[in-house]
Amino acid sequence: MAVDWTERQASRLAGMKASEIRELLKVLERPEIISFAGGIPDPALFPHAEIAAAYQRVMASAQHRSMALQYSVSEGWLPLREFICEQQNQGGLGATPENVVITSGSQQGLEFIGKLLIGAGDLVAVTRPTYLGALQAFAPYEPRYVSVPVDDEGVLPGALEDAFRQNPKFFYLVPDFQNPNGITTSLARRRAVLALAERYGVPIIEDAAYTELRYDGEPLPSLMALDAERAGPGAGFRPRHVIYAGTFSKTVAPALRVGWLTGPAEVIHKVVLMKQAADLHSSTINQIVINDVVRAIWPELTARLRAAYRIRRDAMLAALNAWFPPGVRWTEPAGGLFVWLELPQDICATKLLERAIGEVNVAFVPGSAFHADRSGANTCRLAFSMVGAEAIDEGVRRLSTLLPR
Ligand SMILES: Cc1ncc(COP(=O)(O)O)c(C=O)c1O
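As the structure is a prediction and not an experimental result, all values here were calculated from the model.

What counts, and at which threshold
- Residues numbered from 1 in each chain as written.
- Predicted model: local features only at pLDDT ≥ 70, side-chain atom pairs only at ≥ 80, totals over all residues.
- Heavy atoms only, no water.
- Helix = DSSP H or I, 4+ residues; strand = E, 2+ residues; numbered from the N terminus.
- Buried < 20%, exposed > 50% of the residue type's maximum accessible area, 1.4 Å probe, protein only.
- Pairing = 2+ DSSP bridges.
- Contact = heavy atoms within 4.5 Å.
- Axes fitted to C-alpha atoms, helices over the stretch in contact; angles between N-to-C directions.
- Near = heavy atom within 4 Å.
- Polar contact = N/O pair within 3.5 Å; in protein donor to acceptor, adjacent residues only side chain to side chain.
- Areas by Shrake-Rupley, 256 points an atom, 1.4 Å probe, with all protein chains shown as cover.
- Nonpolar A, V, L, I, M, F, W, Y, C, P; charged D, E, K, R; others polar.
- Parallel < 35°, antiparallel > 145°, perpendicular 65-115°, else oblique.
- Left-handed = near helix turned anticlockwise from the far one by under 90°.
- Domains from an automatic or database assignment.
- Salt bridge = Lys/Arg side-chain N within 4 Å of Asp/Glu carboxyl O.

### Quick notes on the environment of Ala303
- Here Ala303 lies in helix H12 (residues 284-323).
- A relative accessible area of 37% means that Ala303 is categorised as partly exposed.
- Separated by 33 residues in the primary sequence, Ala303 and Lys270 have C-alpha atoms spaced 36 Å apart.

Spelled out as structure tokens, the structure:
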């Protein structure tokens, strides 16, 4: 008898769907397309020479290469965890390597958060919109969602309090230059989020994927650092409400798959067990290479990226101002890779994408995919990271021809 795979599959598969938009975006390889779709870093900006030199250094020494090519501990490469502690302790956390586990990208960290905290049917609070990859990471654990609205300063505290009254398992947010809408949670809102976390005992999952890519203004303290500050002076790891997900994907290179979670040791110990079960550990040699690269060039590297992406962010905002009709609203991100559009209510972004690809050779991602409640049919995410300034202007101009005046 032939196996009926669909009938056999576990119920958790019900929440895991391929995106319908992926079909539309298959055309992205066509050279005539100007694509604002891929929310990925520009490979021209990867520190190629430094990465190559680091691999060569490791492989040149017999002692180093046998370590680098061997199995290693599930917690992650100790010198790299120490680097992460040094960076994050500038925010006064009191973190030691016990508070950090290296994951295969922060995506795996989010998957572990789902495994750690979500039981079938549990409520999870997310922003509206939120990072699609987080929804995908949580989906196998079968959550229900409460979507909390945001404005230009981040999540709305009143709505967040309403959500927290329902006692969600956690609140997931991307406070800096959020994927997909580019919004940064202001300092006052960060404090408000933490006050609510404390009042209702709800953990915060802080996803800091884009934090280093700030083009304007001063960096804001992470929620984790503010949480440590609220706890007051004391020994040991001080944050009490926050788990922090970090990554080297947007600063060094995503293919090395090195990210991390920082949190209370009791949580990190549980995640280490998950890491062991999932893939034993992240690539030893890639962790060593990342550690070499970031210790050698971190300030120059991040400054270089900021300078390059700032030009593209400026080009996109200038093009939107020049070409787009009144009635379309967009965010003005202070960093990151994305601008978010709100079209007039009666325009469906998925239909607009079909026309954009077919008629003017432009691609973007319709925003509804980033909504846990599937709202946002009139929203779009435009990524400026992979397109030069001139093509940004041309792509925005072409897109504007499809919008009603
Ligand atoms: C907000 C956010 N979090 C996490 C990730 C995952 O990145 P990685 O797994 O490469 O660290 C991404 C990737 O685009 C992202 O946009």
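### What to know about the sheet that holds strand S9 (residues 259-262)
- The eight strands are arranged S2-S9-S8-S7-S6-S3-S4-S5 in an open sheet whose pairing can be described as mixed. On the outer flanks of this sheet lie strand S2 (100-103) and strand S5 (154-155), each paired with one strand and no other.
- Across the face of the sheet, helix H11 (residues 265-279) comes into contact with S2, strand S8 (242-247) and S9 while running at roughly 25 degrees to S2.

### Overview of the site of the ligand
- Residues in close proximity to the ligand total 13 residues, the closest being Ser106, Asp207, Tyr210, Thr247 and Ser249.
- One of the side-chain nitrogen or oxygen atoms of Ser249 is found 2.6 Å away from an oxygen atom of the ligand.
- Protein contacts shield 92% of the accessible area of the ligand, which totals 400 Å² for the unbound molecule.
- Looking at the shell around the ligand element by element, the count peaks at three residues for helix H6 (residues 105-117).
- Of the residues belonging to the shell around the ligand, the class tally is four nonpolar, six polar and three charged.

### Side note on the packing of H6 against H11
- Relative to each other, H6 and H11 sit at 110 degrees, their axes nearing to 10 Å. As the angle between them shows, H6 and H11 are arranged roughly perpendicular. In this structure, H6 meets H11 at a crossing whose hand is right-handed. Across from Gln108, Phe112, Lys115 and Leu116 in H6, the residues of H11 making contact are Val267, Lys270, Val271, Met274, Lys275, Ala278 and Asp279.

### Considering the pairing of S8
- The element S8 is extensively covered by neighbouring structure, given that six of its six residues are classed as buried.
- Covered by surrounding structure in S8 are Val242, Tyr244 and Gly246 together with Ile243, Ala245 and Thr247, the residues of both alternating faces.
- Two elements, strand S7 (residues 204-207) and S8, share four bridges in a ladder whose sense is parallel. Across the sheet, Ile204 pairs through a bridge with Val242, a residue of S8.
- As judged from the four bridges shared by S8 and S9, these two strands associate in the antiparallel manner. Residue pairing in the sheet places Thr247 in a bridge with Gly259 of S9.

### Some remarks on the domain arrangement of the protein chain
- By the assigned domains, the protein chain splits into domain 1 (11-46 + 300-400) and domain 2 (48-297).
- Each of domain 1 and domain 2 has a C-alpha centre, and the two are 25 Å apart.
- With 37 residues of domain 1 in contact, the opposing surface of domain 2 contributes 36 residues.
- Here Arg128 and Asp373 are joined by a salt bridge, their closest N and O atoms 3.2 Å apart.
- Our count for the domain 1 to domain 2 interface comes out at 15 residue pairs in polar contact (both at pLDDT 80 or more).
- Elements that contribute at least two residues to the side of domain 1 that touches domain 2 include exactly H12 and strand S11 (338-342).
- In terms of residues, the side of domain 1 that touches domain 2 owes the most to one element, H12, which gives nine residues.
- For the side of domain 1 that touches domain 2, the residue count by class is 18 nonpolar, nine polar and ten charged.

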